[in-house]
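Residues per chain, in single letters:
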Amino acid sequence: MSAGVLSALALLAALAVSGGLFARRALLLVRLVQMGKPSGIERADAVPDRLRQEATVVLGQRKLFQKLVPGLMHAFIFWGFLALFPTIVIAMIGIVDREATIPWLGEQGWFALLVDVFAVLVLIGIGIALWIRKVVRPSRFEGSHLGEADLILAWITGIVVTLLLWHAARIALSLNEYGAAWSPVANLLSGLFGDGDVTEALERVLVWAHVLLILGFLAYLPRSKHLHIFTAAINVYFGRTRARGRLEPLRFDEDLPEEEMRFGIGTVEDLTWKQMVDSMSCTECGRCQEVCPAWATGKTLSPKLLIMGVRDHLFAEGPLALAARASGEAYDGPLVAASSDLEEMAWDCVTCGACVRECPVNIEHVDHILDLRRHLVMVESRFPGEAEPMLRDVERQSNPWGKPQSERAAWAEGLGVRVLAPGDAVPEVLYWVGCAASFDERARTTAQSTAKLMQAAGVDFAILGPREACNGDPARRMGNEYVFQAYAEQNVATLNEAGVRKIVASCPHCFNTLANEYPDFGGAYEVVHHTEMLAELVREGRLSPAASEQTITYHDSCYLARHNDVLAPPRELAAAVGKPIEMERSGKRTFCCGAGGAHMWMEENARPINEERVREAAATGAETLAVACPFCTVMLDDGVQSTGGSMRVADVATLLAEAIETDG
Ligand code: SF4
Ligand code: SF4
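This report concerns the structure included in the present document. The numbers attached to residues start from 1 for each chain and follow its sequence in the written order. Each chain is given a letter, starting from A, and each ligand a number, starting from 1, according to the order in which they appear as written. Local features in this predicted model are restricted to residues of pLDDT 70 or higher, and side-chain atom pairs are both shown and tallied only at a pLDDT of 80 or more, whereas totals for entire chains, interfaces and linings draw on every residue. To obtain the side-chain values, all non-hydrogen atoms of the structure were included, while hydrogens and water were left out.

**Thoughts on the site of ligand 1**
Residues are classed as near a molecule or strand on a simple rule: at least one heavy atom within 4 Å of it. Near ligand 1 there are 13 residues, and of these Cys292, Cys349, Cys352, Gly353 and Cys355 occur at the shortest range. When grouped by side-chain class, the residues that make up the shell around ligand 1 number 11 nonpolar, two polar and no charged. For this classification, Asp, Glu, Lys and Arg are treated as charged, while Ala, Val, Leu, Ile, Met, Phe, Trp, Tyr, Cys and Pro are nonpolar and the rest, including Gly, are polar.

Spelled out as structure tokens, the structure:
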């Protein structure tokens, strides 16, 4: 038997072992994903948007470049992986016949140059990765499998170095199909080799080492955190294309097939297929953890550890659930929330969405967290005790403050605001006040200022008064989907009956719910935030504020800026009345005030988030901390008081109203 045939047989055996190990693991992963429940959201629509995501987030590495140096590191390795891919086939051909290569491509000088360049870039990328991990040691890696990451880096280094040395040996033996000048690095390294039998043997050793390292890598990858190499592109493609602040409604219809019925995440069988792919796609980069306000203030929650916990649970319990199904038995495993502190983590979340925005592979952490809460609340009746009065008040009194509905319009006394009665003519704009601005003393100022400004600009508006009920957001974000849906249906019926077409909302949580979530319940309105409407009125000259010398730093609400892209209008207003100064974390990278996800009514079990934000605002030296959300008003004002600060916290509407009054 010739050496070529023997080599081919040996290669086939290696391929069979590696491919078999890979296929075995891949089959398990596919079966797990097939077991997943429907994600409830359309994930195959909007193909152009999905392809754009694929092009920018995956190929262009857009989200990784949010951090330049780590972004370059990853891009060098990832792009190198793509560019060097054909060399795997070339090396396998070279094992069987060292005189042969891939037709055409293997004979191109420019391709040889490309290989050299990208091989070096990969090595530079690995050098940067080592520098980040061993020298910089960012805290975002806390809890990640760093030993495994080091092993992967060593493995990739081995693959690239053996490739370069193999090419160098081929040049030394004059086996290269193109001029050696096309491979400057390999050509340089060829000086290490002679041209005799030893080099011939080394050339064989190197090509085999290169191919075996690749085949070993292939078998190991799906068992490691680097599984994301296969799943990340899939996860990005099937990511959300609709509003970021929208939660998918649970369906409670009786005619729903049992396998599609969901009450959030109970056991592993309740995970949706997308949640499974999410967990398989986590790279453990910790970018989500770094921006998480809960983690930053010492809580148990880390979005990274949460996703890793879901993945660990899936890999531990998923095969058992599959086995139970195969034998026709019911699976009766533990709750996902019962593992890895997941229950405690779920309650720490303020649903700010910073993690989702930062994640380079578009993992949807908030959906996992809300689904954990939904099951705990609706099936297990387990939730933090201090949230109980809020849930009770929302359910019985239509507002989380527990105040009588008859007092809902008390803030407007003496202002001459029209309260829309059934059968009244529909106004141009319905002002949706929200519970906070209706009942909280400090937040009421926002409603009063907004009403005065609309009156001053001649806007035809009215409020629903006692017919406005809680939009249901606090109950929904706590996990009580039943209560939310009851309010959604009630409010949509009221609004539709009144013939409302345009709504202005003061509260970003109301704004998000009305604009993004009520369409699921038959409520389709043009919804604007009060800062958008007021900025337009100023632009049109219908409001003419007098600018002052006061320095203002504007705090972006998560539900306004990050979830709904409203960034410029509140800034326009701040600039119209004073001298704006930006905080370090602003715009879409804002830091939560601590109230979201129903945390307005929950105790914090570590350092307060609002104090952290107030300290950042104070560091700007601004006199006024401007907000555009009644929850932020209350939380940040509390933060100023508890930190002994002196900043004034005021809604931009209030600042604008004062500037109009100043102007007479
Ligand atoms: S939504 Fe905000 S609080 Fe919740 S895990 Fe993500 S970053 Fe943390
Ligand atoms: S969830 Fe996303 S951002 Fe967080 S560690 Fe995993 S890959 Fe990184």
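**Focus: the sheet that holds strand S5 (residues 551-554)**
At least two DSSP bridges between two strands are required for those strands to pair. Secondary structure elements are defined from DSSP: runs of H or I of at least 4 residues count as helices, runs of E of at least 2 residues count as strands, and each element is numbered from the N terminus. Strand order in this open sheet of four strands is S6-S5-S7-S8, and the pairing throughout is parallel. With partners counted over all chains shown, the strands left at the sheet margins are strand S6 (579-580) and strand S8 (648-651), one partner each. One ladder, built from four bridges, connects strand S7 (residues 624-627) with S8; its direction is parallel. Bridging from a neighbouring strand, Thr624 pairs with Arg648 of S8.

**Considering the packing of aromatic side chains**
In this scheme Phe, Tyr and Trp rings, the latter by its six-membered ring, pair at centre separations within 6.5 Å, and the angle between planes marks the pair as stacked below 30 degrees, edge-to-face above 60, and tilted otherwise. Applying the stated rule across the entire model yields 17 aromatic pairs. When the centroid spacing of 6.5 Å and the interplanar angle of 45 degrees are considered together, the rings of Phe484 and Tyr518 count as tilted. One end of the pair, Phe484, is in helix H20 (residues 481-498); the other, Tyr518, is in the loop between helix H21 (508-517) and strand S4 (526-529), and 34 residues separate them in sequence. This pair shows no difference in class: Phe484 is buried, exactly as Tyr518 is. For the ring pair Trp601 and Phe631, a centre distance of 5.7 Å and an interplane angle of 80 degrees mean the geometry is edge-to-face. With a gap of 30 residues between them, Trp601 in the loop between S6 and helix H25 (609-618) and Phe631 in helix H26 (residues 630-642) connect regions that are remote in the sequence. Each member of the pair, Trp601 as well as Phe631, carries the same accessibility label: buried. Here a set of aromatic residues connected by ring pairs shows up, and it is made of Trp104, Trp110 and Phe111. Using a 1.4 Å probe on the protein chains alone, a residue whose accessible area is under 20% of its type maximum counts as buried, one over 50% counts as exposed, and one in between counts as partly exposed.

**A word on unusual backbone geometry**
Even without being glycine, Arg137 reaches a positive phi, approximately 45 degrees. Along the chain, Arg137 falls in the loop between helix H4 (109-136) and helix H5 (146-172). A relative accessible area of 59% places Arg137 in the exposed class.

Note that every value here comes from positions in space, so none of it alone points to a role or purpose.
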